Amino acid sequence: MTITWVVKKKSPTTKVGVTFISINKLVAIKSVSGRAAKLTDLVPGLRVFEINGKTVQSAKQACDIIRKAPIGDIRITTGGQHHSAVKISEERTGFTIRQYENKQDCVLITHVDPFGLFPDVPTGYFLWSINGKRMKSVNQTITSLKREKSVAIVIARPQDLGYDLGPLKPTTVKTRPIEGQKPGTSGLRKKTKRFMESNYLENFVQSTFNAIKARGTNIVEGTLLIGGDGRYFNKEAIQTIIKMAVANGVKRIWVGQDGLMSTPAISATIRERGPIWQQAFGAFILTASHNPGGPDEDFGIKYNCENGGPAPDILTNTIYENTTKIYKYFICPEFPSIDLSECGPTNVKSTDGMKQVCVEVISSTENHVTLLKSIFDFDAIRGLLDRNDFSMVYDAMHGVNGPYAKKVFVDELGQPESVCMNCVPKDDFNGAHADPNLTYAKELVELMGLDRKGAKIDTGAKVVQSFGAAADGDGDRNMILGTRFFVSPSDSLAVIASYAHVIPFFRSQGGLKGVARSMPTSGAVDLVAKDLGFDVFETPTGWKYFGNLMDSKAIFQGKDYTPFICGEESFGTGSDHVREKDGLWAVLAWLSILAYENSKVESSSKSLLSILAFDSSNKSSNSLVTVEDIVKGHWAKYGRNYYCRWDFEGVEKAGAEKMMDKMRESATANTGKEIGQYRIAKADDFSYKDPVDGTVAKKQGIRFLMEDGSRIIFRLSGTAGSGATVRMYIEQYEKEKIDMIASEALDGLVKVALELSAIKTYIGTDEPTVIT
Ligand SMILES: O=P(O)(O)OC[C@H]1O[C@H](O)[C@H](O)[C@@H](O)[C@@H]1O
């Protein structure tokens, strides 16, 4: 309510009995005397809006207007809601006050006694002045209250001072676009030091918020999830993202304990956690996956959407566009840093208590492990693990999956801690390359009796474990090994698909309906699909392409391809239980297959392997059906897709791109060409039209498809940290000759590939850094 008071100015110099005080850009009445005091309720503390119809913003301006006004009526318009004022002659004020931590020269009223002298003063306001004197400290205020006989206080609404939100108050920070923030195959990856540069992380995070808001994501109602693989800068980045999320309007945030959460666990948590009104609308995942970590190595960030899957191309493109035209970001600098070491909620309120944000530190493992338990028969797996002739080791390579492995193998499946190798997450992965392949998982590979080419080595009298598996930094990749035996990821996918019915998740839903593989992954799974009648899809590299197929019915109202299994040659396997590849899922799938086959051998009933080619009846009733038995049984039934990938890491980008351009240009000319013992049936640059949403992805890899079904593929890595990485994929199918050594079987085709690409001319070498 506003009231206009009329006081008289009797001569050019007479005072009208009203003095003023400034509070920021507001004006309040400081004191009232003489005739003016007779006007009922014109008291100190009322806010002054206008004098003689002019808006006032400072005490000086108010005085000037009155001084310059002609003799006669002066009209002072005030509002009563903003400030309260009381004249007293007693001592008991009924206040509790404290210094306001975000602004050290302000006194905040934290409690008001309803029976005290100022019952109408709301808490959360500032005690601005007493008898016209600005109060800057609690001591000064107490002294004044005690000393003055009559007290007129002016209080200020926090929002009038711009302090109302306190820790929730957003600040706008000016920035400029930073070059090179285009996400690759799986998010933005750069050197950690680059990410630590001023505004680098902030620009990307703000661009992501801008993109998801424009897409209609309701970030105010849902929950934002944040977690990472624990690499260097993980925790600092999380605190920054929390502060930016709050400034952008997010009210509920979940963070994995210690800042840790594997990529599949993030996907599971988005999909599974909380009542519908709390469910996560998306997640920031801080990882550069299998790239090395540490201050001099790589850092990364990616965004996953409400279905738990990686942001689709359309969104990452918008994020990138936003990074090229960003000039400001929002952050709450006064939001407290959250202690990530203990699970539980921290509620942070605005100073006026009107707004609240909850940051909850949640278990990193709980949602994912609960989901895995609902997919697999843990009792059956425990039966296998408890056999005297079975042993296993799981190498988390110091990545994020250590705590998950301990939870599953030790807590749930009752195995000794020794099953878990390198299971303490480290921010530099112990100086190693947390990539589960024959080269980088060296310790495990040797333990399992293999060399870096996957050939058996002499382990002497040492007993080699029956089963070995490894994970990458963020826990979405897997490598499967048997005793002195390597399972290629393409074969692993095909074997799991052929055994899907032994896993309750698939069996209970009427069996598999769809399978998919990335284009460079071998066609082994296609043969299973053809045999067992599932739909099969060949997609570009990148897990995001599988998501639409999994959601074909639920989101796109098309044909239902779920339950669904998919995989990539890059050591990724998974299903529609989440929208990411899932390293532990693949390991449990293999243990389920082994448990199934071994329970059959034990009960002497007919084994699936005997239906294939491996004849379990030749085994003594107690001998273990091994990983090698299962894979060889698979080859005997379906034939073998000999396969290898050569990586040329950290080569010069320009040369690598030139080589790809040359092969692209020569595709038509190469089609029909004979080279060595091969004839090229088709050479092209793979492009993919998504059968679900119709989007087209071009330039996804140069293919040489031979008439006999063999394939040579070249593509540039989309995840390389610096320079370029050329990947060369070689595949040759043999129906009968399944017992050759892979490198020997593929020797001829490798030579053809080196010749067709003229790789040495372009990148200066034809020696790979990694062979898988
Ligand atoms: O582009 P590349 O380096 O070959 O990496 C390809 C891989 O990148 C990430 O790990 C993605 O999550 C995978 O889905 C993809 O297969």
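Residues numbered from 1 in each chain as written. Predicted model: local features only at pLDDT ≥ 70, side-chain atom pairs only at ≥ 80, totals over all residues. Heavy atoms only, no water.

In the annotation of an unreviewed UniProt entry, the chain is listed under the name phosphoglucomutase (alpha-D-glucose-1,6-bisphosphate-dependent) and assigned to Cylindrotheca closterium. What the UniProt record of the chain gives under Sequence similarities (unreviewed entry) is the line "Belongs to the phosphohexose mutase family." (UniProt positions renumbered as here; feature names shortened; annotations may be inferred.)

**Some thoughts on the nonpolar core**
By size, the foremost hydrophobic cluster in this structure holds 80 residues, and its most contacted members are Phe409, Phe467 and Leu591. For this core, the element with the most residues is helix α17 (residues 583–602), which contributes 11 residues. When residues of this core are sorted by domain, at least three fall in each of domain 3 (168–364) and domain 4 (368–638). Residues within four places of Leu591 in sequence aside, it is in contact with Ile381, Leu384, Leu385, Phe390, Met392, Phe409 and Phe467. Counting residues in each nonpolar core, the second largest holds 47 residues, with Leu201, Phe281, Tyr329 and Cys332 among its members. (Core = buried A, V, L, I, M, F, W, Y, C linked by side-chain atoms within 4.5 Å. Buried < 20%, exposed > 50% of the residue type's maximum accessible area, 1.4 Å probe, protein only. Helix = DSSP H or I, 4+ residues; strand = E, 2+ residues; numbered from the N terminus. Domains from an automatic or database assignment. Contact = heavy atoms within 4.5 Å.)

**Some remarks on helix α8 (residues 313–323)**
Those residues of α8 lying buried are Leu315, Thr316, Ile319, Asn322 and Thr323. The buried residues of α8 occupy one face: seen down the axis, they fall within an arc of 120°. Lining the buried residues of α8 we find α5 (200–214) and β17 (298–304). (Arc of directions from axis to C-beta.)

**Comments concerning the site of the ligand**
In the vicinity of the ligand, 14 residues are found, and the nearest of them are Glu568, Lys581, Ser717, Thr719 and Arg727. Contact distances for the ligand include 3.0 Å between an oxygen atom and a side-chain N or O atom of Arg477. One of the backbone nitrogen or oxygen atoms of Trp543 is found 2.9 Å away from an oxygen atom of the ligand. Starting from 390 Å² of accessible surface for the ligand in isolation, the protein chains cover 99%. Here the residues of the shell around the ligand are counted per class, giving 1 nonpolar, 8 polar and 5 charged. (Near = heavy atom within 4 Å. Polar contact = N/O pair within 3.5 Å; in protein donor to acceptor, adjacent residues only side chain to side chain. Areas by Shrake-Rupley, 256 points an atom, 1.4 Å probe, with all protein chains shown as cover. Nonpolar A, V, L, I, M, F, W, Y, C, P; charged D, E, K, R; others polar.)

**Thoughts on the packing of helix α9 (residues 366–375) against helix α11 (residues 402–412)**
Axis separation between α9 and α11 bottoms out at 10 Å; the angle between their running directions is 50°. Considered as vectors, α9 and α11 are oriented oblique to each other. Between α9 and α11 lies a crossing of right-handed hand. Residues His368, Val369 and Lys373 of α9 pack against Tyr404, Lys407, Val408 and Glu412 of α11. (Axes fitted to C-alpha atoms, helices over the stretch in contact; angles between N-to-C directions. Parallel < 35°, antiparallel > 145°, perpendicular 65-115°, else oblique. Left-handed = near helix turned anticlockwise from the far one by under 90°.)

**Re the domain arrangement of the chain**
Domain annotation of the chain identifies domain 1 (2–79), domain 2 (95–164), domain 3 (168–364), domain 4 (368–638) and domain 5 (640–771). Between domain 2 and domain 3, the C-alpha centre-to-centre distance is 38 Å.

**What to know about the UniProt feature "domain: Alpha-D-phosphohexomutase alpha/beta/alpha" (unreviewed entry) in the chain**
The UniProt record marks residues 181–328, 383–481 and 494–605 with the feature "domain: Alpha-D-phosphohexomutase alpha/beta/alpha" (unreviewed entry), using the residue numbering of this structure. Across residues 383–481 one finds 20% helix and 15% strand; the C-alpha atoms that close the span lie 20 Å apart.

**Section: the pattern of salt bridges**
Pairing is possible between side chains of opposite charge, provided their charged atoms come close. If you walk through the whole model with that rule in mind, you get 40 salt bridges. One salt bridge connects Asp535 with Lys559, and the closest N-O pair in it is separated by 2.9 Å. Linking Asp535 in strand β27 (residues 535–539) with Lys559 in the loop between α16 (544–550) and β28 (564–568), this pair joins segments that are 24 residues apart in sequence. Residues Lys632 and Glu628 are paired through a salt bridge, measuring 2.7 Å at the closest nitrogen-oxygen approach. Note that Lys632 and Glu628 are positioned in helix α19 (residues 627–638) at a spacing of 4 residues, about one turn of the helix. (Salt bridge = Lys/Arg side-chain N within 4 Å of Asp/Glu carboxyl O.)

**Here we look at the sheet that holds strand β19 (residues 344–349)**
Ordered by their spatial adjacency, 7 strands build an open sheet running β13-β17-β16-β14-β15-β20-β19, and the pairing between neighbours is mixed. Of all strands in the sheet, those bounded by a partner on one side alone are β13 (188–191) and β19. Strand-to-strand twist in this sheet, taken as the mean axis angle between neighbours without regard to direction, amounts to 20°. Inspection of the sheet shows strand β14 (residues 223–228) paired to strand β15 (residues 252–260) by 5 bridges, in the parallel sense. By the bridge assignment for β15, Gly228 is matched with Leu260. Helix α7 (residues 263–272) contacts β14, β15, β16 (280–286), β17 and β20 (356–362) of the sheet and is inclined by roughly 170° relative to β16. (Pairing = 2+ DSSP bridges.)

**Some points on the environment of Gly293**
Relative to the helices and strands, Gly293 resides in the loop between β16 and β17. Those residues in contact with Gly293, other than ones at most four positions away along the chain, are Arg231, Asp298, Asp427, Asp428 and Phe429.

**What to know about the packing of α7 against α9**
The interhelical angle for the contact between α7 and α9, taken along N-to-C directions, is 85°, at an axis separation of 8 Å. As summarised for this structure, α7 and α9 are arranged roughly perpendicular, according to the angle between their axes. Of α9, the residues touching α7 (which contributes Pro264, Ala265, Ala268, Thr269 and Glu272) are Asn367, His368 and Leu371. Its residues assigned to classes, the contact of α7 with α9 shows 4 nonpolar, 3 polar and 1 charged.

**With respect to the packing of aromatic side chains**
Within the structure shown, the criterion is met by 16 aromatic pairs. Between Phe505 and Phe506, the ring centres sit 5.0 Å apart and the planes meet at 85°, which makes this aromatic pair edge-to-face. Exposure class is identical for Phe505 and Phe506. Each is buried. Arranged with centres 6.4 Å apart and planes meeting at 85°, the rings of Phe506 and Trp585 form a pair that is edge-to-face. Placement of the pair is Phe506 in helix α14 (residues 504–507) and Trp585 in helix α17, with a sequence separation of 79 residues. Neither Phe506 nor Trp585 differs from the other in exposure class; each is buried. Taken together, the ring pairs in this structure connect Phe195, Tyr200, Phe233 and Phe299 into an aromatic cluster. Taking the ring centre of Trp128 as reference, the NZ or CZ of Arg134 above it sits at 3.8 Å. Just above the ring of Trp254 sits the side chain of Arg273; from NZ or CZ to the centre is 4.5 Å. (Phe/Tyr/Trp six-rings, centres within 6.5 Å; stacked < 30°, edge-to-face > 60°. Lys NZ or Arg CZ within 6 Å of the ring centre and 35° of its normal.)

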